[in-house]
Amino acid sequence: MASDYAAIREDHRRRYGEDVGDYGALLVDLYADRTHFVFELLQNAQDAGATRIEFELGTDRLDVRHDGRPFTEADVRGVCGIRRSTKTADDPDQIGRFGVGFKSVYAYTRHPQVHSGDEHFAITDYVYPEQVASSLLRDGWSTLQTFPFDREDVEAKRAREEIAGRLSALSPRTILFLRNLRSLTWSASGQRGSLVREEVADGDARRVRLVHGASPHQEEQRWLVFDQQVQLAADRPPNHVEVAFSLKTDRQGREHIVAAHDPKLVAFFPTARETHLGFLIQGPFVPTAARDNVREGDPVNERIVAELANRTVEAITSIRERGLLDDGFLEC
């Protein structure tokens, strides 16, 4: 059964008052790049357990589909709220903890729509859900989010160009640390792209293969990923930190570890923080509000860095035992 949208609207009127539009505009301005919303939607899909996500860019809107858990009333309140979120600190495998990430879509739209399970609604003025006619989902998809390009200050043509640019520039690394997501596809103005993630266990590590594009113009990346559970709070489930090394094969068929290009600190997605390392480190860092960086001096972040250091030392031992401790690795 669908949520009581009228009750949610009334609740939000009491909660936020009549000036909620001003708050919404501030949340949109958190992001220096307004196409950042693409990552927010990826985060939401990952947190819903999706294995596939599709971006379909049309002339007047963007449709996004995934196969994750259908929306519940808590999710409706989460995407319509400013501070509320169904992703809490007690659920450490979920990325978005601020409840504001979805607001980044308002850089291009004023009335996003969600069709998922029994829920079919549009959002007005950032926080008010309104029931809309149901939309038939294609087989295999559980959720459709539609973002019409109806902002007066952003022409549809410009929206298409900017979003197409972001989608075409997505690196295979975008889904490297997303444990659920296996496939990302997009289409825009006759162009198509895809990212595919394959993973197999290998002793104390995981081998991850990332494929960008379709044959014969594929780009492949291979990574050796070491992870470790960390208990960040006694009353919460454990989380994971990860250390990833880029793999290459030489002409003789021998595998080597090579320095990774542009190794930014990763909090599920790359941040703006340079690490100056030749490999990638990832953890559930406490981010800034815009999630483009991590908080300085935060005790949780300091603990995560210490755990990553420990895991790196252990990874070096494993790398030596695998016969990969050569001069190429030392350059990392």
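So, here's what we can say about the structure. Note that the structure is a prediction, hence the values are computed from the model and not measured.

1. Details of helix 4 (residues 73–80)
With respect to burial, helix 4 is a largely interior element, six of its eight residues being buried. Listed in full, the buried residues belonging to helix 4 are D75, V76, R77, G78, V79 and C80.

2. A closer look at the packing of aromatic side chains
Scanning the model with the defined rule gives 10 aromatic pairs in all. Of the aromatic side chains, those joined through ring pairs into one cluster are F37, F102, Y108 and F147. Of note, R13 hangs over the ring of Y128, and the distance from its end group to the ring centre comes to 4.8 Å.

3. Thoughts on the nonpolar core
Formed by 57 residues in total, the largest nonpolar core has its most connected members in L42, F55, L62, F121, L176, L184 and W223. Looking at which element gives the most residues to this core, the answer is helix 3 (residues 37–47), with six residues. Not counting residues within four places of it along the chain, the set of residues in contact with L42 comprises I53, F55, T174, L181, L184 and F269. I281, F285, I319 and C332 belong to the second largest nonpolar core, which has 22 residues in total.

4. Remarks on the pattern of salt bridges
Inspection of the entire model under this criterion finds 38 salt bridges. Across the salt bridge formed by R322 and D204, the nearest N and O atoms sit 2.9 Å from each other. Of the two residues, R322 is situated in the loop between helix 6 (299–321) and helix 7 (327–330) and D204 in the loop between strand 8 (191–202) and strand 9 (205–212); the sequence distance between them amounts to 118 residues. Across the salt bridge formed by E220 and R222, the nearest N and O atoms sit 3.5 Å from each other. Residue E220 is classed as partly exposed on the basis of its relative accessible area of 39%. Take R222: its relative accessible area is 21%, and that puts it in the partly exposed class.

5. A closer look at unusual backbone geometry
Despite not being glycine, Y126 has its phi angle at roughly 75°, a positive value. Looking at the element boundaries, Y126 is found in the loop between strand 4 (119–124) and strand 5 (128–131). On the accessibility criterion, Y126 (12% relative accessible area) is buried. Of note, the phi angle at S189 is positive, near 50°, even though the residue is not glycine. Inspection of the secondary structure puts S189 in the loop between strand 7 (183–188) and strand 8.

6. Considering a nonpolar patch on the surface
Together, I316, L325 and L330 make up a nonpolar patch on the protein surface, roughly 270 Å² of accessible area in all. When you line up the elements, I316 lands in helix 6. A relative accessible area of 34% places I316 in the partly exposed class.

7. Focus: helix 5 (residues 156–168)
Between the first and last C-alpha of helix 5 there are 18 Å, a value that for 13 residues agrees with the 18 Å anticipated at 1.5 Å per step. Along helix 5, the residues that are buried comprise A159, I163 and L167. Down the axis of helix 5, the smallest arc covering the buried residues is 60°, so these residues share one side. Of the exposed residues in helix 5, the ones pointing more than 90 degrees away from its buried face are K157 and E161. Residues of helix 5 that are buried sit in contact with helix 3, strand 1 (52–57), strand 2 (61–66) and strand 7.

Procedures and definitions
- Residues numbered from 1 in each chain as written.
- Predicted model: local features only at pLDDT ≥ 70, side-chain atom pairs only at ≥ 80, totals over all residues.
- Heavy atoms only, no water.
- Buried < 20%, exposed > 50% of the residue type's maximum accessible area, 1.4 Å probe, protein only.
- Helix = DSSP H or I, 4+ residues; strand = E, 2+ residues; numbered from the N terminus.
- Phe/Tyr/Trp six-rings, centres within 6.5 Å; stacked < 30°, edge-to-face > 60°.
- Lys NZ or Arg CZ within 6 Å of the ring centre and 35° of its normal.
- Core = buried A, V, L, I, M, F, W, Y, C linked by side-chain atoms within 4.5 Å.
- Contact = heavy atoms within 4.5 Å.
- Salt bridge = Lys/Arg side-chain N within 4 Å of Asp/Glu carboxyl O.
- Patch = residues over 30% accessible without salt bridge, like charges linked within 9 Å, V, L, I, M, F, W, Y side chains within 5 Å.
- Areas by Shrake-Rupley, 256 points an atom, 1.4 Å probe, with all protein chains shown as cover.
- Expected span 1.5 Å × (residues − 1).
- Arc of directions from axis to C-beta.

By themselves these figures say nothing about function.
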